[in-house]
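Fold and geometry: a report
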Amino acid sequence: MNGTQDQQTALLREELSKLLSTLKHNREKVSLDVLKTKYKKGYDTLCKGIKHSASDYAKQLALCGIRIHKDYLDEAVSIINETIAGSGILKQLSRAAFSHQDIAEFDSLALTLREKILNSLESLYAKHLGLYITPECLENPDVLPLIYCRVNHCIWQDGKWIPLELAIAAQSKEKSA
């Protein structure tokens, strides 16, 4: 994630955390029946806020930085949606928010969902791999080509996918240093 995405994630987390604290405080002080009747309007507004904030934050944690080329978007979205539906994590996220009011549990579940999504996308990535041949490969037979994925426009380096433009920029810096 870059700095702007980190800030956005932090703001979304802070917003959800405040709403969950408010819900926890209200439930500790007032019975659920009273919250749903006497304080119905405020309670419903709070729950809607939590639902919206939790959804935004979970999407940010689970999907941020996942790159998909438009030519592969339909297939990737299908894989992601199947993974989410089959994981059962959405219900657990809801329970973490509404039953437990636990932001740490929510974080952990959303990051688990992210890992499941990334793992499920690996089969799509594997179908669309190629070699990225750099000028150095052509000049020196000992320099191996990079493994490139057309789906995410990344190269496989040090056990993870690195955006091609970042890898090229890093190589340029190494050359000039």
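Here the structure is a predicted model, which is why all the values come from computation and not from measurement.

With respect to the side chain of N152
Summarising the element assignment, N152 is placed in the loop between β2 (146-149) and β3 (154-157). Judged by its relative accessible area of 4%, N152 is buried. Looking at N152, its side chain comes within polar contact range of the main-chain nitrogen of C154, at 3.1 Å. With near-sequence residues (within four places) excluded, N152 lies in contact with R67, Y125 and W161.

Let's talk about helix α4 (residues 73-87)
Residues lying three or four places apart along an α-helix face the same way, a consequence of the helix completing one turn every 3.6 residues. With 15 residues, α4 extends 21 Å between its outermost C-alpha atoms, agreeing within 8% with the 21 Å of an ideal straight helix rising 1.5 Å per residue. Where the residues of α4 are buried, they touch α3 (40-63), α5 (89-99) and α6 (103-127). Backbone geometry just downstream of α4 places G88 in the positive-phi region, at approximately 75°.

Describing the pairing of strand β4 (residues 160-163)
Bridge analysis of β3 against β4 gives 4 bridges, and the strand direction is antiparallel. Across the sheet, residue C154 finds its bridge partner in β4, namely P163. Linkage of β3 to β4, two consecutive antiparallel strands, is achieved through a turn of 2 residues, within which D158 is found at a positive phi near 55°.

Focus on the packing of α3 against α6
Relative orientation and spacing of two packed helices are given, respectively, by the angle between their axes and the distance between those axes. Across the interface, α3 lies against α6 with an axial gap of 8 Å and an inter-helix angle of 45°. Overall, the two elements α3 and α6 adopt an arrangement that is oblique. Crossing geometry of α3 relative to α6 is assigned as right-handed. Across the interface between the two elements, A54, Y57, A58, L61, A62 and L63 from α3 touch I103, F106, D107, A110, L111, L113, R114 and I117 from α6.

Points about the pattern of salt bridges
Taken as a whole and judged by the stated rule, the model has 5 salt bridges. The salt bridge partner of E165 is R67, with a shortest N-O separation of 2.7 Å. Here E165 is found in helix α8 (residues 164-176), whereas its partner R67 is found in the loop between α3 and α4, with 98 residues between them in sequence. By relative accessible area, which is 40% here, E165 ends up partly exposed.

Quick look at the layout of surface pockets
Of the volumes computed, that of the largest pocket is approximately 610 Å³. In terms of lining residues, the largest pocket is bounded by 25 residues, among which G65, I66, R114, L118 and W161 are the most central. Of all the secondary structure elements, the ones that give two or more residues to the lining of the largest pocket are α3, α6, β3 and β4. When residues of the lining of the largest pocket are assigned to their parent elements, the largest contribution, 7 residues, is made by α6. Lining the second largest pocket are 16 residues, and of these A54, S55, A58, L90 and L93 sit closest to its centre. Contributions of two or more residues to the lining of the second largest pocket are made by α3, α4, α5 and α6. When residues of the lining of the second largest pocket are assigned to their parent elements, the largest contribution, 7 residues, is made by α3. A breakdown of the residues in the lining of the second largest pocket according to their chemical character gives 12 nonpolar, 2 polar and 2 charged.

Re the sheet that holds β2
Spatially, β1-β2-β3-β4 is the arrangement adopted by the 4 strands of the open sheet, whose pairing is antiparallel. Here the strands that pair on one side only, and so sit at the sheet edges, are β1 (129-132) and β4. The sheet shows a mean angle of 40° between the axes of neighbouring strands, taken without regard to direction. In this structure, β2 lies alongside β3, joined through 3 bridges in antiparallel fashion. Residue pairing for β3: Y148 is matched across the bridge by I155. Its contacts with the sheet place α8 against β1, β2, β3 and β4, and it is angled at close to 75° to β4.

Criteria and thresholds
- Residues numbered from 1 in each chain as written.
- Predicted model: local features only at pLDDT ≥ 70, side-chain atom pairs only at ≥ 80, totals over all residues.
- Heavy atoms only, no water.
- Helix = DSSP H or I, 4+ residues; strand = E, 2+ residues; numbered from the N terminus.
- Buried < 20%, exposed > 50% of the residue type's maximum accessible area, 1.4 Å probe, protein only.
- Polar contact = N/O pair within 3.5 Å; in protein donor to acceptor, adjacent residues only side chain to side chain.
- Contact = heavy atoms within 4.5 Å.
- Expected span 1.5 Å × (residues − 1).
- Pairing = 2+ DSSP bridges.
- Axes fitted to C-alpha atoms, helices over the stretch in contact; angles between N-to-C directions.
- Parallel < 35°, antiparallel > 145°, perpendicular 65-115°, else oblique.
- Left-handed = near helix turned anticlockwise from the far one by under 90°.
- Salt bridge = Lys/Arg side-chain N within 4 Å of Asp/Glu carboxyl O.
- 1 Å grid on protein atoms, 1.4 Å probe; cavity = no way out; pocket = protein on both sides within 12 Å on 5 of 7 lines; lining within 4 Å.
- Points joined across faces, edges and corners; volume = space filled by probe spheres on them.
- Nonpolar A, V, L, I, M, F, W, Y, C, P; charged D, E, K, R; others polar.

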